[in-house]
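Listed here are the chains, written in short residue letters.
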Amino acid sequence: MKYILSLLLFISLSGQLTAQSTPRNLLSRFTRQEIAAALLAPGEWYPFPQCAAAWQNTLPDSVRQSIIRQAESYLKIPFVAIPATMMMEYQKNGDRSRYEEISFRKRDQLFTMAVAESIEQKGRFLNAVINGIWSLCEESYWGAPGHLYLQKAGIDLVDVEDPSVDLFVSETATVLALTDYLLGDRLDKYSRLLRKRIYYEVNRRMLTPLEKDSDRYFYLKKGTKEYPINNWNPWVISNWMTSLLLLEKDPQRRIGELEHALHLLDHYINFIGDDGAIDEGPVYWSGAAGRVFDALTVLESATSGKLKIYDAPVISNMAAYIYKTHIAGSYYINVADASPVISTDGLLLYRMGQALKDTTMTSFGAWAFHRYPVYTPISGDFAKPRMLFNMKVWADCSNSRGVDPAIPDVWLESIQLMAARTSKGLFVATHGGHNGESHNHNDVGDFIVYASGQPVIIDVGLGTYTAKTFSKERYQLWYNSSAYHNLPTINGVQQMAGRKFGARDVQYHKDANSATLHMDIAGAYPPEAGVSQWKREVKLDRLQNRVTVTDDFALTAGGKELTQTFMTVCPVELQQGLIRFNIPGERPVVLEYDAGTWNVKKELVDCNDPDEKRLADNWSRRSITRLLLQRKGRETSGSHAFIIRQL
């Protein structure tokens, strides 16, 4: 998961479809007086174990030993400085991978050894922890080179006189704050200046910038259609709250800045639709809804449970989004820049289910915990406080089996996403929306089909992020374009990027036997496509166990080629009027089409370029095939249907 959370969470390209800033203000309702009365004083908040006995009561011996072994492996790796030339690699060639590999490892290394020393308390890791603290404090910048647009000097070397706060500045601050919490007295015995240095750097680099100039940051402002808000907000705020409450000794500043953080977190919660949907896809759920829950967990813990908003429907819906978008096994609906495979954090789901009184979520969490075996709660990922909170439910979760809820019907109106399945294992998801969503792909009207838990017709997902990914050349990357989604190319013209290019007249219908999404996707194409109507209907028929995709089109200009793309990782056989998708170990799926209307060809999609590596990894290096149906006629209106069923 680290590569996803470290590389995917960039500035939003736009916002959700129908989400307006709804003034729920769930957190702003807590007055400063209420916060002051509820907030535990400095030195009274003990959210995590700090001594060997407390750790023994929290984690089984096998898990504690796994953390210690992980820390022992880190003892062999020195904390190294990151040279200026490595920071400049992003500016020179768009590559930030070497910088981030070293930077992220150092933070994992320090945190793991701090936890291990807290568990073991033998002093074996203490010198390495001290060196790690000093190494991080000596770095000129804690964030990612690609985020230096936040400083006034722009993308360049870091300007140390202008500290700016990105995701990984907040992550580093929290790693240092947790190290201070876990080993504070022992650090003091070594030198009284160590903890002083931690506070100085965290205060200078994060607490003061957010206190004095939070309006500077796009992710902390109120979201609008033109200037949407994204998951940077809860990501940074959850870390801000943790670091503030662990390190700050001034009671008034703790109260005032906690109130400030809660008001800003409301901007994000207010911008989410009532259904709790995330337009960035399930792969972002951990860094979006998960981060909101991280912040709410800190708030509840630091106020002894007096301040919490778990009963708000939008919070429950944000959590439930993850199991609503689950397909089967490790597969999730992968809209936008998303991987189809996610190793979901079962411990987090279990805790959320408990807090929200959502038994479906709790059961799903236990299922996920056993589905994706967790040998150590320190996973080498981000969200370090989450890892520590997760440890508290390890025993309960490991003793629960749980089930995959396999929700039969899903409709998320705020992003116009439908999903449905049959009892025989056929699954379909489709969406309307617009082409200005966060981490957008030009994919209005796209759909995916799975059978027996395996991918058949797919969204290929995200590529490896480079500077080009978030540049004007974004849609020159084939996997971001509509021509490589399951969509038509009309008169040789693809869909265009931007919020104004979206679906019209979207209608969802379901009953006991079917689920259907109707939409006109003509608006997703620019004028030169010459299309006035392209009504697409995607229907799951449970009685016949099949998916039917029907298009009814009208063109203002004809004479050029109409094509329809289907993407797959299945071995494919082409027959007259039939495309056969072979699924290893399962019954094949066929797509029926009118052979009198279409010519069909297939092409293997190479994934050899540096930005395509992630695409191959998405599908366990299975070959990606593009099926291209070319319409024989040159009509300016017509209709056609594709029937997809399992044999």
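Before any of the text, the structure's been laid out above.
Below: a short report on this structure. Counting starts from 1 at the beginning of each chain's written sequence and moves along it residue by residue. With the structure being a predicted model, the display of local features is reserved for residues of pLDDT at least 70 and the display and counting of side-chain atom pairs for 80 or more, all residues being used for whole-chain, interface and lining totals. The side-chain values count all of the structure's non-hydrogen atoms but skip hydrogen atoms and water molecules.

Some remarks on the sheet that holds strand 12 (residues 514-520)
Sheets are built from strands paired through backbone hydrogen bonds, the pairs being either parallel or antiparallel. Strand order in the open sheet formed by 8 strands is 11-12-13-14-21-18-17-16, and the pairing between neighbours is antiparallel. Of all strands in the sheet, those bounded by a partner on one side alone are strand 11 (504-510) and strand 16 (572-575). Neighbour to neighbour, the strand axes of the sheet diverge by 10° on average, direction disregarded. Being paired, for any two strands, means DSSP has found at least two bridges between them. Segments assigned H or I by DSSP are reported as helices when at least four residues long, segments assigned E as strands when at least two residues long, and all are numbered from the N terminus. Judged from the 4 bridges that link them, strand 18 (residues 589-592) and strand 21 (residues 637-646) form a sheet pairing that is antiparallel. In the sheet register, glutamate 592 faces strand 21, and the bridge partner there is isoleucine 643. Orientation is described by lines fitted to C-alpha atoms, with helices fitted over the stretch in contact, and by angles between N-to-C directions that extend from 0 to 180 degrees.

What about helix 9 (residues 192-213)?
Since there are 3.6 residues in each turn of an α-helix, residues three or four apart along the chain are aligned in direction. Here helix 9 is 22 residues long and its end C-alpha atoms lie 31 Å apart, about the 32 Å a rise of 1.5 Å per residue gives. A maximum bend of about 50° is found in helix 9 at asparagine 203. Using a 1.4 Å probe on the protein chains alone, a residue whose accessible area is under 20% of its type maximum counts as buried, one over 50% counts as exposed, and one in between counts as partly exposed. The set of residues buried in helix 9 consists of Leu194, Arg197, Ile198, Glu201, Val202, Asn203, Arg205, Met206, Leu207, Pro209 and Leu210. Residue contacts are defined here by distance: any two heavy atoms, one from each residue, within 4.5 Å place the two residues in contact. The inward-facing, buried residues of helix 9 abut helix 7 (126-138), helix 8 (167-190), helix 10 (232-247) and helix 11 (251-271). Helix span, as expected, comes to 1.5 Å for every residue beyond the first. Note on bend: the value at a residue is the angle between axes fitted to the seven residues ending there and to the seven starting there.

Brief notes about the nonpolar core
Counting 168 residues, the largest nonpolar core has Val115, Trp285 and Ile315 as the members making the most contacts within it. The dominant element in this core, judged by the number of residues it contributes, is helix 8, at 12 residues. Dropping the residues within four chain positions of it, tryptophan 285 is found in contact with Ile278, Gly290, Met318, Ala319, Tyr321, Ile322, Leu348, Leu349, Met352 and Met361. Nine residue types can take part in a nonpolar core, namely buried Ala, Val, Leu, Ile, Met, Phe, Trp, Tyr and Cys, and a core is a set of them joined through side-chain atoms within 4.5 Å. Judged by nonpolar contacts, the second largest core, of 46 residues, contains Ala420, Val428, Ile521 and Ala522.

Digging into the sheet that holds strand 7 (residues 447-451)
Pairing in this open sheet of 5 strands is antiparallel, and the strands run 3-4-5-7-8 from one edge to the other. Only two strands of the sheet have a single neighbouring strand rather than two, namely strand 3 (409-412) and strand 8 (454-457). Strand after strand, the sheet turns through a mean of 15° between neighbouring axes, direction not considered. In the sheet, strand 7 pairs with strand 8 via 3 bridges, with the strands oriented antiparallel.

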